[in-house]
There are 2 protein chains.
Amino acid sequence: MLRVKRQDIEDLAVGAAILGTGGGGDPYIGKLMAHQVIERKGPIELLDPAEIDDEALVIPSAAMGTPTVLIEKVPSGDEAIKAFELLQKYLNKKATCTCPIEAGGVNSTIPFVVAGAMNIPVVDADGMGRAFPELQMVSFTIYGVKASPMAMADEKGNGVLFETIDNLWTEKIARVTTIKMGGTAWIALYACNGNKFKESSICRTVSKGIEIGRSLREAKARGVNQLDALLDSTSGHLIFRGKIVGVERANIGGFARGEATIQGLDDYKGQTMTIRFQNENLVAEVDGRIIASVPDLICIIDSETIKPITTERLRYGYRVLVVACPCSEKWRSSEGLKLVGPKYFGYDIEYQPIEKIARGG
Amino acid sequence: MLRVKRQDIEDLAVGAAILGTGGGGDPYIGKLMAHQVIERKGPIELLDPAEIDDEALVIPSAAMGTPTVLIEKVPSGDEAIKAFELLQKYLNKKATCTCPIEAGGVNSTIPFVVAGAMNIPVVDADGMGRAFPELQMVSFTIYGVKASPMAMADEKGNGVLFETIDNLWTEKIARVTTIKMGGTAWIALYACNGNKFKESSICRTVSKGIEIGRSLREAKARGVNQLDALLDSTSGHLIFRGKIVGVERANIGGFARGEATIQGLDDYKGQTMTIRFQNENLVAEVDGRIIASVPDLICIIDSETIKPITTERLRYGYRVLVVACPCSEKWRSSEGLKLVGPKYFGYDIEYQPIEKIARGG
């Protein structure tokens, strides 16, 4: 068991935003929310999945919607607590612990806000090991864990509970509700016992996020190459370096959808990369050829600061590095690829693991 | 206390569809649903509001959405029971009785389906005394009764519970959910104790519907003028007679919206009436002048059969009578008119009671 303190949250917000591959929320907003709670309540326990009882009730906590809205409609944190309490009330049972549903600048830190308010620990695991745009895209789905009953709350005080026939229907109905609530909402879902959670979750995503953030910070302090630290801590591959020359982005169907065009620099001079996203970066093409795709992680990093740039912050002129990292092995199964592979998102290509592409296909 | 039998349901389906002013669902579908239950369970009790205990828990039961869809997606009745049970589970309390939320061919008969399944009586009252398109448009809202917690279910087995800050927010969020569920959904809402219910409901809408249907049936059997029977039993005024020469209708925002154009016949020759609707008929204009409007009832009646024609069945060629009837006095207060008056629907006119217009303004 770890105790997560202020510095860990600083590191987590950065590291998790890298794992968030453009989505999962802005790290600055995410860390502010968690800092408030830790200041008031002290450090929050982070439990290894192996430490939780088989009979424990784990309820993940998250934000849903388009991150583009979240930076204008800054949350207080109470929304997430309200959703969590609504689900507990409906289940007529208290959660033993909470955890993130995905990695991201906001979605990795919200569970700490909820944990602080509820006086429960956070489990060091999530349902993605990265971020994905849709609710059913979690390893829990592969293992038959139901998203519903799911609770949702907004900053106005509205709450909704969903009891759906499958996780895709949870996504469909919850998405239109989120749009009506103003583009973002706060959720509690995939309530699960400890036994099932250990089988179905992606372990140690939280500590991995902290570790990535810490290794970047320490590299900077020691004056060593931060990019090397990033590639080491993420098992990542540098796949492009350039300048953003175009960003198209629109809120469509409750998501931030669009693409960024990057003009190559240095070794990549003369090449153009296009990264298409739906909240998260989905595919990276160079001159029309896809060179990395979901479920592997495609991260856009500011070349100067070696900090992640989320979808909603992308803009003309940024000098960036593009790093691709291997996803959890759970996503590379045929069931995993059916849920989150390139075909689901409308790209008619076979998924190739980034390690294989990096070795030259 | 009355016991509602097969013949009463036949009469109610017709009479309530007249009160439904174009909305509230198709009387044929509505009566089939209730007949099934009465065949299996026997007659259903209809309680006068005065008979219910102050501590009784009344939970109204209804369908929501566009009636145009309902005639293609015929319900089994189980959807309404599922919504009702979901709300009972959430409240952790059993309803003492149910009632309609509005009058209509389907919405007046659904409560009998639920009552049969739950072995509880139906209360002879509703929240409109007619039908209106939006959830917050009930006399309950005027008296501060909250629509939420509200439960919704669809035919696929999905359920949703709403806990909203006000009744307009219930409408907003429930409407998008209904659209996503396929255009119609089944709901339980405005749970209320007997004391508050007696104050806030519109009394005896169910028996009024039965009475209208019965008087039409008896007039027909005796060979006397059915139109007179209709005008007598509804306190209605004949405002037009003609032939439908045009219907424009589209599903927009989860409602059947549009207008019907009627070319005058007999005394009305040379005149043209336009009736604009949003599920229900909202305003009737003759040659551009509004001659009847919400909250009064505007009913389109087949001239040959003296049966109501609902919005979704309007079509070119029907010979029709248009009858306007006074609404409940509850709607004529300034609070009532704010909720359901012509201005709410975007018509910049002052509401005039139909009796006053009929006397020559």
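Because the structure is predicted, anything quoted here is derived from the model rather than measured. (Residues numbered from 1 in each chain as written. Chains lettered and ligands numbered in written order. Predicted model: local features only at pLDDT ≥ 70, side-chain atom pairs only at ≥ 80, totals over all residues. Heavy atoms only, no water.)

Trainee: Residues and numbers for helix α4 (residues 78–91) of chain B, please.
Mentor: Residue and element names in this part refer to chain B. When the terminal C-alpha atoms of α4 are compared, their 20 Å separation across 14 residues agrees well with the 20 Å that a helix rising 1.5 Å per residue should span. Burial in α4 covers these residues: E79, A80, I81, A83, F84, L86, L87, Q88 and Y90. The first or second residue beyond α4 is N92, which carries a positive phi of 55 degrees. (Helix = DSSP H or I, 4+ residues; strand = E, 2+ residues; numbered from the N terminus. Expected span 1.5 Å × (residues − 1). Buried < 20%, exposed > 50% of the residue type's maximum accessible area, 1.4 Å probe, protein only.)

Trainee: Can you break down the confidence of the model for chain A residue by residue, with the values?
Mentor: Overall, the prediction assigns chain A a mean pLDDT of 95, with 100% of residues at 70 or greater. With a pTM of 0.91, the predicted complex shows an ipTM of 0.87. (pLDDT = per-residue confidence, 0-100.)

Trainee: Outline the domain arrangement of chain A, listing residues and values.
Mentor: Residue and element names in this part refer to chain A. In terms of domains, chain A is made up of domain 1 (2–205) and domain 2 (224–358). For domain 1 and domain 2, the distance between their C-alpha centres works out to 24 Å. With 42 residues of domain 1 at the interface, the matching set in domain 2 holds 34 residues. For the pair domain 1 and domain 2, the summed buried surface comes to about 3000 Å²; carbon and sulfur atoms form 66% of the total. Taken as a group, I18, P133 and I142 account for 20% of the area that domain 1 buries against domain 2, more than any other trio of residues on that side. Taken together, domain 1 and domain 2 are joined by one salt bridge. Salt-bridge contacts for R313 lead to D26; the nearest nitrogen and oxygen are separated by 2.8 Å. Run the count over domain 1 and domain 2 and you get 13 residue pairs in polar contact (both at pLDDT 80 or more). (Domains from an automatic or database assignment. Contact = heavy atoms within 4.5 Å. Buried area = accessible area lost by both parts, 1.4 Å probe. Salt bridge = Lys/Arg side-chain N within 4 Å of Asp/Glu carboxyl O. Polar contact = N/O pair within 3.5 Å; in protein donor to acceptor, adjacent residues only side chain to side chain.)

Trainee: Could you give me a rundown of the sheet that holds strand β17 (residues 297–302) of chain A, with the residues and numbers involved?
Mentor: Residue and element names in this part refer to chain A. Ordered in space as β16-β15-β14-β13-β12-β18-β17, the seven strands form an open sheet in which the pairing is antiparallel. Looking along the sheet, the strands with just one partner apiece sit at the ends: β16 (289–293) and β17. Here the average twist between neighbouring strands, direction ignored, is 35 degrees. Across seven bridges, strand β13 (residues 255–264) lies against strand β14 (residues 272–278) in antiparallel orientation. Across the sheet, the residue bridging to E259 is R276, located in β14. Where helix α10 (residues 226–234) meets the sheet, its contacts fall on β12 (237–252), β17 and β18 (319–325), and the angle it forms with β18 comes to roughly 20 degrees. (Pairing = 2+ DSSP bridges. Axes fitted to C-alpha atoms, helices over the stretch in contact; angles between N-to-C directions.)

Trainee: Before we move on, can you summarise the relation of the copies chain A and chain B with the specific residues and values?
Mentor: The two copies are related by a screw operation: chain A maps onto chain B through 180 degrees of rotation and 0.0 Å of translation along the axis, at an RMSD of 0.0 Å. Read as a symmetry element, the transformation amounts to a two-fold axis. No C-alpha of chain A approaches the rotation axis more nearly than that of L161 of chain A, which lies at 2.4 Å. A high fraction, 100%, of the interface residues of chain A reappear at the interface in chain B, so the copies pair face to face through one surface. (Least-squares fit on C-alpha atoms with pLDDT ≥ 70 in both.)

Trainee: Tell me about the packing of helix α2 (residues 27–41) of chain B against helix α5 (residues 110–118) of chain B, and please be specific about residues and values.
Mentor: Residue and element names in this part refer to chain B. Two numbers describe how α2 lies on α5: the axes approach to 8 Å, and their chain directions differ by 25 degrees. As far as their axial angle goes, α5 and α2 are roughly parallel. The crossing of α2 and α5 is left-handed. Facing α2, whose interface residues are M33, A34, V37 and K41, α5 presents I110, F112, V113, G116 and A117. Tallied by class, the residues present in the contact of α2 with α5 amount to seven nonpolar, one polar and one charged. (Parallel < 35°, antiparallel > 145°, perpendicular 65-115°, else oblique. Left-handed = near helix turned anticlockwise from the far one by under 90°. Nonpolar A, V, L, I, M, F, W, Y, C, P; charged D, E, K, R; others polar.)

Trainee: Describe the packing of aromatic side chains, with residues and values.
Mentor: Residues and elements named next belong to chain A. Enumeration over the complete set of coordinates arrives at 11 aromatic pairs over all chains. Geometrically, the ring pair formed by F240 and Y268 is tilted, given 5.1 Å between the ring centres and 50 degrees between the ring planes. With a gap of 28 residues between them, F240 in strand β12 and Y268 in the loop between β13 and β14 connect regions that are remote in the sequence. When sorted by exposure, F240 lands in the same class as Y268, which is buried. A connected cluster of aromatic rings, assembled from ring pairs, spans F140, Y190 and F197. The positively charged end of R315 is found above the aromatic ring belonging to Y318, 4.6 Å away from the centroid. (Phe/Tyr/Trp six-rings, centres within 6.5 Å; stacked < 30°, edge-to-face > 60°. Lys NZ or Arg CZ within 6 Å of the ring centre and 35° of its normal.)

Trainee: An account of unusual backbone geometry is requested, with residue identities and associated values reported.
Mentor: Residue and element names in this part refer to chain A. Put simply, V294 and P295 share a cis peptide bond, and its omega is 0 degrees. Its identity is not glycine, yet N119 carries a phi of approximately 55 degrees, on the positive side. Inspection of the secondary structure assignment puts N119 in the loop between α5 (110–118) and β5 (122–123).

Trainee: Describe the sheet that holds strand β17 (residues 297–302) of chain B, listing the residues and the values that go with them.
Mentor: All names here are of chain B. Taken together, the seven strands give an open sheet; going across it, the order is β16-β15-β14-β13-β12-β18-β17, and neighbouring strands pair in antiparallel fashion. Looking at strand neighbours, the two that pair on one side only are β16 (289–293) and β17, the edges of this open sheet. Ignoring strand direction, the axes of neighbouring strands in this sheet form an average angle of 35 degrees. As paired strands, strand β12 (residues 237–252) and strand β13 (residues 255–264) are joined by 10 bridges and run antiparallel to one another. Considered in β13, the bridge of G242 is made with G264.

Trainee: Break down the pattern of salt bridges for me, with residues and values.
Mentor: Per the stated rule, a full pass over the model turns up 40 salt bridges over all chains. The salt bridge partner of E350 of chain B is K343 of chain B, with a shortest N-O separation of 2.7 Å. According to the relative accessible area criterion, E350 of chain B is exposed, its value standing at 60%. Residue classification places K343 of chain B among the partly exposed residues on the basis of a relative accessible area of 44%. Look at the salt bridges and you will find they share partners, linking D296, E329, R332 and E355 of chain A into a network.

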